[in-house]
Amino acid sequence: MAQSSDFDVNASLKSYLEDPQSILTPDADPALLDCENDADLFTPGLINSVLNPIAEAIGENPEAILQAVNLDSLQFLCKCAPTLPPDQRPQLVSRSAVTDGDLFALSRQTSYIPAASLGRLLDLLISGLGAEAETIHHEEADGEGEESAHHKQVLEAFAFLLQWCIAAVETKSAEKPSAPAARGGKKAAKGKAAQKDGLWDSTTQLQIAMETMAKVMKLKLARIFVTTSERDTFTGLFTRPVYLLLESETRVKSTAIRMHAFKVLCVAIKHHGHAYGAQTSIIQNLTYFEHLAEPMAELLNILAEQYDYAQLAEEVMKELSNKEFAANDTKGPKSVPTFVARLSELAPRVVQKQIASLAKLLESENYTLRCAIIEVCGNLIGMLSKIEEGNRSENHKGQINAFFDVLEERFLDVNPYCRVRAIQVFTKLCDLETKFPKRRQAAAELAARSLEDKSSNVRRNAIKLLGKLIGTHPFAVMHGGLLNYTEWSARLEACEAELNALKPPAETGLAEIEAEATVDEHLLDDATQVQDDRPPMTEAQQVAAFQKAQEEAATAEALSKLQLTRRYYFEAMKFIEILHEASPHIVQLLGSKNKSEIVEAMDFFVMADAYSLEPAKIGIRRMLRLIWTKGNSDEGKGVQSHLIESYRGLFFHAPDNFNANDAANYVARNMISLTFGASPAELTSLEQLLATMMKDKAVNTLVIDKLWQVYGVQKREISKQQRRGAIIVLGMLALSDPEIVVKEMETCLRIGLGSIGRKDLLVARYTCIALMRMTESKQAKGAEAKPSIRLPNDHAVISRLGALIEVRSESKDWYGLAEQVVGAIYALSKHPDVKCSEVLRRKTRAVFSATAKQAPAKKEVADAVVETSQIDEDGDVEMSDLPTPPPEPTEVEEEEVATAPESATGLCQLLFVVGHVALKQIVHLEMIEQDFKRRKALKEKAADAALPTKKTPGAKTPAAGRKSTMSKEEKAAQEAEEELDLMAGTNEDDFADAVAHIRERELLYGPSSLLANFGPLVKEICSNNTAYPSAELQAQAALCMAKLMCVSSEFCEANLSLLITILERSPSATTRSNLVVALGDMAVCFNHLIDENTDFLYRRLSDSSLQVKRTCLMTLTFLILAGQVKVKGQLGEMAKLVEDSDERVRDMSRTFFAELAGKDNAVYNHFVDMFSLLSSDESLDEDRFRRVIKFLASFIEKDKHAKQLASKLAPRLARAGNERQWNDVAFALGLLPHKSEEIAKMVGEGCRVVEASA
C-alpha cells in the first residue's frame, strides 16, 4: 500500500496564507519533480500522465487523496498557478526563497499550468469531495460513525486543495489571454495555449464546486469535527473561496454563481457558527468593494427569509450605524447607503427592528448616508401600508407618521441630493393603494415650495412629484376626478347650502332645549323634584313620535354624510389651490437653462390639462415659445421634439373611437382654438410649430379641407372667431406648403377679399397674410424666385387688395388690414409700385375732395392712362417718374380737414398708407438690386458653360414673356446690346449707386415723385399740434414722418430734431413707443446721424409708461448686440432695469447682460462706467444698487479681469465723498476675487477714515 501522508490542515493553511509555494512537496511524482528545474518539460501531456492514476485512485476510494504521492502531486500542480492578483505578486516575489526552482519562479509571475489541466484538476477535486460526502452521508444513515477522525482528515485535504484550486482558477481567469511567453523557445506554443485558455469558461465548474460544498456542510459535521476551532477551520476552507469569487464583479453579475455562493454562506452561517465571520466579511466587502453593496443585501434577505436567520442582518446594521464616516470619505459611504436602501427594499421588517440605530445616520455629515435613510423610510412606509387591518400593531399609525415626518424634514436638508431623494421617495409613495390624504397635501405644499429651490435637480423632481400627485390624486371617487376649480367650488357651495338647509333654525325652540340640558344634574336629583303628571301618549301620538324620531335620525345621518362630503370637497379644493399657486412657478421654469427641467414642466402641463386644471392653458400657451429653442445640441432638439409630441397629443390626436371625418373635425376645431386670445408673439410661435409639423407631414389633408370649409362657409351661424382662426391656421400651414393657398385662391377672393372681409376687417387682414404665403418671402440671397407666383395688376386678387384700402371704417383694425394689404401687393404684384401709386391717388382724392360722395371716374381714367404711359419696356415703374398728383391742399383746407372727425380719420389712414408704402418701396428697390445681381450671375455662368459668346444682362432685364416671343435674331441683337451696355460701364456698383440715388434723392425729393408731396404735409402736422389737435392724427403723422426718415438720410437729418422733440414731449405712450422703434431703424440705416443722439433713446428706459420702457429695452438690446450703436457710458441705465419693478423688464434686462457677457468681455470693459453711473444715482437705494452690482459682478469670471477691476476701483476709496460712496466701492471690491492684501488693508483703513471724517 502506498505511503500515507501526515496531512495537518492548520500547518498547511498557515503556509498557504503566507506563501503557497513555500509548501514542500517531496513525495510528488518524480516526473513533476524533474520539471522543477526545467520548465520546458512541464507539458499538458506530462500533467495528464500524472493526473490519470490519481483520478483513478480517488475514483475507487476518495481516501486515496491522503497518499503522499497523490497529495504532493496535486499540491505541486497547484503551486504552478499563482493565487494572488497581478498587483500583489511583486511583493511576494521580493520575499520569495532563493531555493525557488525555475518552474516555480515562473509561476509566481503567470499561471504556468494550462487552463485545461487546471480545469481537470478542479473536476478531480470536486468529484472526490462529492464522493466522500456521499460516503459519509450513507454511514450517517446506517448509524456508522466510528471512522470520523479518518473522514475528518480526508475532508480537510479535499477542502484545502479545493480552496487552493479555486483561487488559482480565479487568478487564471483574471489574466489576459495574450500573456507573454516565459522563454523564447516556447513563445509560439504559449501563444496557442493562451488562445485556448481564452476560450475556457470555468463558470459551470465553479457552480458544481459550490453545490458540492453546500452538500458537505449539510452533513452532521459536529460528529466529525468535535471542537469548535476544528469546525471553524474547516468551514473557513469553504467560505474563503466563496468570498474570493464574490470579489470579482464579473462573477457577481452571474445570477447562478451568486445564488450558489449565497447558499454556501447561508448554510455555514445557519448551521456552523459562521455568523461572526460573515459579519466581519460583509462589513469589509462594503468598505472595499462597491459592487457588493446590493449582493450583500440580497444575501442577508435570503438568510432571513429562507433560513430564518435575521440576527445577522440586525447585527450588521447595528455595526454600520455605529461607524463614523468623514464628510469627504467617498468609498465607504457610497456602498453602505446602497446596501441599507436595498436591504430595506428586500426585507423591510428586518430593517424596521433596527431603525432606531439607523436613525443615527441622519446626523451624519455624509449626504449619501442621509439619502439612504430617506429611502429606508419610504420603503418602510410602503411595507406598513400593505399590512392588513387585523395584523396592524398598536403603534402602526405612529410609526408611519414618524417616517413621514422624517421625509418632510428632509425637504429642507442642506444638501440638494438629499432633498431630491426625499422628493423621489414621495413620488414613489404616490403609487401606493393607501393614499394618505393629509400627507399628500403636505407633500404638494412642500413640492410647490421646492419649485423655488436653487438646485435645478430639486426643481425638476418637484415638478415630477406635482405631476404624480395629480395623476394619482384621491378625489376621483366622486365626479370623475377632474380638478377644475370652478366646478369644485360650485359643488362646495351647493353642499354648504344643503347643510344649512338641514340644520335646525334658531327659532324652533331646540336651542332652549339644549340650554336646559346644561342645568346642574345635582339640582334635578333633589327629592323635592316634581313628578311628571303628564298623561300617557295615545297610540297615534306614539306613531307620530316614532315617525318624528325616524325623521330626526335620517336628518342626522344626512347631516353626517353632508359634513363628510363637505370635508372631501374642501380637501380637494385645497389641493387644487396648491396646484394653482405652483403653476406660475412652473411656467417660469419653462424658460430654464436646464433642458430636462423644461421637459418635466411640459409634461406637468400636459398632465394638468388632462385633469382640467385652469392654469394648464397658460402653461400650454407659454410652451409655444420653446419651438425657438436652439437645436444645435441633442438637448435643444429634444426640447423641440418633446414640444411637438406634447402638442400632437393635446390637439392633433383624436380619440380612437372617432372615424376619419370626426377626427378631422376634432383636429381642425383644436387648431382653430389655439388662435383664440393669442398674442402676436404666441401666433408667431404657433406659426413656426405648425410649419414644422407640416414639414413632417403631421397634418392630414382632410384637416386642411375642414379648415377651408370653416373659412368658406357663408352661413350666419359661424362665429367671427372661428373664421378668423381658420384662415390664420391655413396661412401658417401655407408657410411650408404654398399650394394650400394657391388651390383655394377663389375662396380667399370670395370671403376675405369679398363682402365678408369688408365687414370683418380681421378676416380680410389674415386673408392677405395667407395670400402672401404664395410667394417664398424668406428666400436666401441669390435664390431663384418662382415667376408664376407674381400676378399682373389687373388680376382679380390685386384689384380686390387695392379696393380694400378704400374701405371706410373707424375701427383700429383698419390699420392692421392696410399694413397687410400693402405687404400683399408688394409680395404678389409684378409691378407693385404702379398699383400702390394708383391706390394712393384714390385715397388722397377721397380724403381731400370737397364732397366725399363724388366719384371722379374721368380723372381716374385719365390718371390711369398717364400712369401706363410711364411704364418702361420691362413693365416696371419708378415711383420718381410718376405724374404729379393733384395739387396739395391749402392750409385752410387742411384745418378744415383736421376739425372734421371723419376727415381726420381719413387723413390718418392716408398717412399710414403713405408711410408703409415708403418702407415697402425701399424693400422693393433692394429686391430689384438683388434680382439684377442674381440674373447677371446666372447669365455669366450660362455663358461660360455653353456659349463662347459672353451673355451678360444689362441694367434693365426684359420680361420673361417678351423674351419667349423673340426670334433668334432679335435675341442675339438684344444680347449684343446688353453686352455693349455692360462694356459702357453698367455693372453692379453702378446699379447699386443708381438705386441708392433713387432712394436718397428721388423718392422724397424728385420733382415728379408721388411721395415727395407728403413729406412737407406730415412735417406741418407734427410741427403744429395746436392747429391739428387730433391725438390720432398726431400719432399717425409722427409715425409716417419716422418711416419717411428711414428712406432718405437728408430727410432724416432735416427732421431729426423735430422727431426727438416729439419723442420727449408727446403725451401718447403709443407715439413714444413708435418713435423709439423708428430711431432704432434709423440707427441701422443712418448710423452716423443717430450715433450722436443715442442719449435720447436711453432716456426712454426711465419712461413713465411701461410699454415705452419695454419697447426701448428691446430696441436697445437689438442695436447693442448687433453692434449697430456704440456703447458709451449709458449701459448703467440698462443695468438699473435688472431690479425693475416689472418682472418682464427684469427678465429682458438679465437676458441682455447674459448675451452681452459673451461678446468680447463687454461687461468687464464697461463695468467701471456702469458702477460710476449707478453709484452717483441718488434715486437708486443702497439695497437695489447692491443687487445690481452683484448681478453684474457674476459675469467677471477671469481672475485677471477681477484683479484689474479691483485695482481701478480701489483708489476710489480715498476719493469717496461720503460714507455711501465708500460703502459702494467696498461692496464691489468684496464681490471681486482680487486676493490683494493691499486692497484689503485699504478697505480697513478707509472705513476708519470715513468714520473720523463723519
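All of these numbers come straight from a predicted model, not from anything done at the bench.

Draft legend 1. Up close: the overall build of the protein. A tally of helices and strands in the protein yields 65 helices and zero strands. Counting only residues that meet the buried cut, the protein has 48% of its 1254 residues in that class. Restricting the contact set of the protein to residue pairs at least 6 apart, pairs at least 24 apart contribute 74%. Accessible surface for the protein amounts to roughly 62,300 Å². Of this, 51% is attributable to carbon and sulfur atoms.

Draft legend 2. Structural context of the nonpolar core. Grouped together as the largest cluster of nonpolar side chains are 360 residues, with contacts concentrated most on Phe 339 and Phe 1153. Looking at which domains feed residues into this core, each of domain 1 (435-501 + 553-652) and domain 2 (660-776) gives three or more. Excluding residues that lie within four positions of it along the chain, Phe 339 makes contacts with Leu 286, Ala 293, Met 296, Ala 297, Leu 300, Val 316 and Leu 320.

Draft legend 3. Looking closely at the side chain of Gln 75. Looking at where Gln 75 falls in the secondary structure, it is placed in helix α4 (residues 68-79). For Gln 75, the residues in contact, after removing those within four places along its chain, are Ile 23, Thr 25, Phe 160, Leu 161 and Trp 164.

Draft legend 4. Region of interest: the pattern of salt bridges. This structure, assessed with the given rule, holds 42 salt bridges. Between Glu 687 and Arg 773 there is a salt bridge, and its shortest N-O distance comes to 2.3 Å. One end of the pair, Glu 687, is in helix α34 (residues 680-695); the other, Arg 773, is in the loop between α40 (761-772) and α41 (796-805), and 86 residues separate them in sequence. In terms of burial, Glu 687 and Arg 773 fall into one category: buried. Linking Arg 1099 and Glu 1064 is a salt bridge whose minimum nitrogen-to-oxygen distance equals 3.4 Å.

Draft legend 5. How the structure looks around the packing of helix α61 (residues 1182-1193) against helix α64 (residues 1219-1231). Put simply, α61 and α64 touch, their axes get as near as 10 Å, and they point 30 degrees apart. By the angle between their axes, α61 is roughly parallel relative to α64. Pair α61 / α64 crosses with right-handed handedness. Across the interface between the two elements, Glu 1182, Phe 1185, Arg 1186, Ile 1189, Lys 1190 and Ala 1193 from α61 touch Arg 1220, Asn 1223, Asp 1224, Phe 1227, Ala 1228 and Leu 1231 from α64. Here the residues of the contact of α61 with α64 sort into six nonpolar, one polar and five charged.

Draft legend 6. The environment of His 1088, seen in detail. Position of His 1088 among the secondary structure elements: in helix α54 (residues 1087-1090). With relative accessibility at 53%, the residue His 1088 sits in the exposed group. Residues His 1088 and Ser 1049, spaced 39 residues apart in sequence, show a C-alpha to C-alpha distance of 9.7 Å.

Draft legend 7. Examining the packing of aromatic side chains more closely. Tallied over the full model, the rule gives 26 aromatic pairs. Aromatic side chains Phe 404 and Phe 436 sit 5.1 Å apart centroid to centroid with 65 degrees between the ring planes, which places their arrangement in the edge-to-face category. Of this pair, Phe 404 sits in helix α22 (residues 396-409) while Phe 436 sits in the loop between α23 (416-429) and α24 (437-450), placing them 32 residues apart in sequence. The exposure classification of Phe 404 matches that of Phe 436, with both residues buried.

Draft legend 8. Structural context of helix α50 (residues 1014-1023). Residues of α50 that are buried include every one of Phe 1014, Gly 1015, Leu 1017, Val 1018, Ile 1021 and Cys 1022, and no others. For α50, the angular spread of the buried residues around the axis is 165 degrees, confining them to a single face.

Draft legend 9. Quick look at the packing of helix α12 (residues 228-246) against helix α14 (residues 255-271). It is the contact of α12 with α14, at a shortest axis distance of 10 Å, that shows an interaxial angle of 150 degrees. Overall, the two elements α12 and α14 adopt an arrangement that is roughly antiparallel. α14 is crossed by α12, and the crossing has left-handed handedness. Where α12 abuts α14, its residues Arg 231, Thr 235, Phe 238, Thr 239, Val 242, Tyr 243 and Leu 246 lie against Ala 261, Val 264, Leu 265, Ala 268 and His 271.

Draft legend 10. Quick peek at the confidence of the model for the protein. Of the residues in the protein, 80% reach a pLDDT of 70 or more, and the chain-wide mean stands at 80. Taken together, the stretch residues 506-518 has pLDDT below 50 and engages in two contacts with residues farther than four places along the chain or on a different chain. Confidence over residues 949-966 falls short of pLDDT 50; this stretch has 39 contacts with residues more than four positions distant or in other chains.

Draft legend 11. The side chain of Ser 202, seen in detail. Secondary-structure assignment places Ser 202 in the loop between α9 (187-198) and α10 (203-217). Setting aside chain neighbours within four positions, we find Ser 202 in contact with Val 169, Ser 173 and Arg 251.

Draft legend 12. Representation of the environment of Cys 1052 within the structure. One can find Cys 1052 in helix α52 (residues 1049-1065). Remark: the alpha-carbon pair of Cys 1052 and Ile 1090, spanning 38 residues in sequence, is separated by 9.6 Å. Sequence-distant contacts of Cys 1052, that is, excluding residues within four places in its chain, are made with Met 1045, Met 1082, Phe 1086 and Leu 1089.

Draft legend 13. Looking closely at unusual backbone geometry. If you check the backbone angles, Asp 308 has positive phi at about 50 degrees while not being a glycine. One can find Asp 308 in the loop between α16 (293-305) and α17 (311-322). The backbone phi angle of Ser 612 is positive, close to 60 degrees, even though this residue is not glycine. You can see Ser 612 is positioned in the loop between α30 (595-610) and α31 (615-623).

Draft legend 14. Geometry of the state of the cysteines. A complete count under the given rule lists zero disulfides for this structure. With no disulfide of its own, Cys 35 lies 8.1 Å from the sulfur of Cys 80, the closest cysteine sulfur. The class for Cys 35 is buried, based on a relative accessible area of 0%. The closest cysteine sulfur to the non-disulfide-bonded Cys 1052 is located on Cys 1046, 7.2 Å from its own sulfur.

Quick notes on the rules
Residues numbered from 1 in each chain as written. Predicted model: local features only at pLDDT ≥ 70, side-chain atom pairs only at ≥ 80, totals over all residues. Heavy atoms only, no water. Helix = DSSP H or I, 4+ residues; strand = E, 2+ residues; numbered from the N terminus. Buried < 20%, exposed > 50% of the residue type's maximum accessible area, 1.4 Å probe, protein only. Contact = heavy atoms within 4.5 Å. Areas by Shrake-Rupley, 256 points an atom, 1.4 Å probe, with all protein chains shown as cover. Core = buried A, V, L, I, M, F, W, Y, C linked by side-chain atoms within 4.5 Å. Domains from an automatic or database assignment. Salt bridge = Lys/Arg side-chain N within 4 Å of Asp/Glu carboxyl O. Axes fitted to C-alpha atoms, helices over the stretch in contact; angles between N-to-C directions. Parallel < 35°, antiparallel > 145°, perpendicular 65-115°, else oblique. Left-handed = near helix turned anticlockwise from the far one by under 90°. Nonpolar A, V, L, I, M, F, W, Y, C, P; charged D, E, K, R; others polar. Phe/Tyr/Trp six-rings, centres within 6.5 Å; stacked < 30°, edge-to-face > 60°. Arc of directions from axis to C-beta. pLDDT = per-residue confidence, 0-100. Disulfide = S-S within 2.5 Å.

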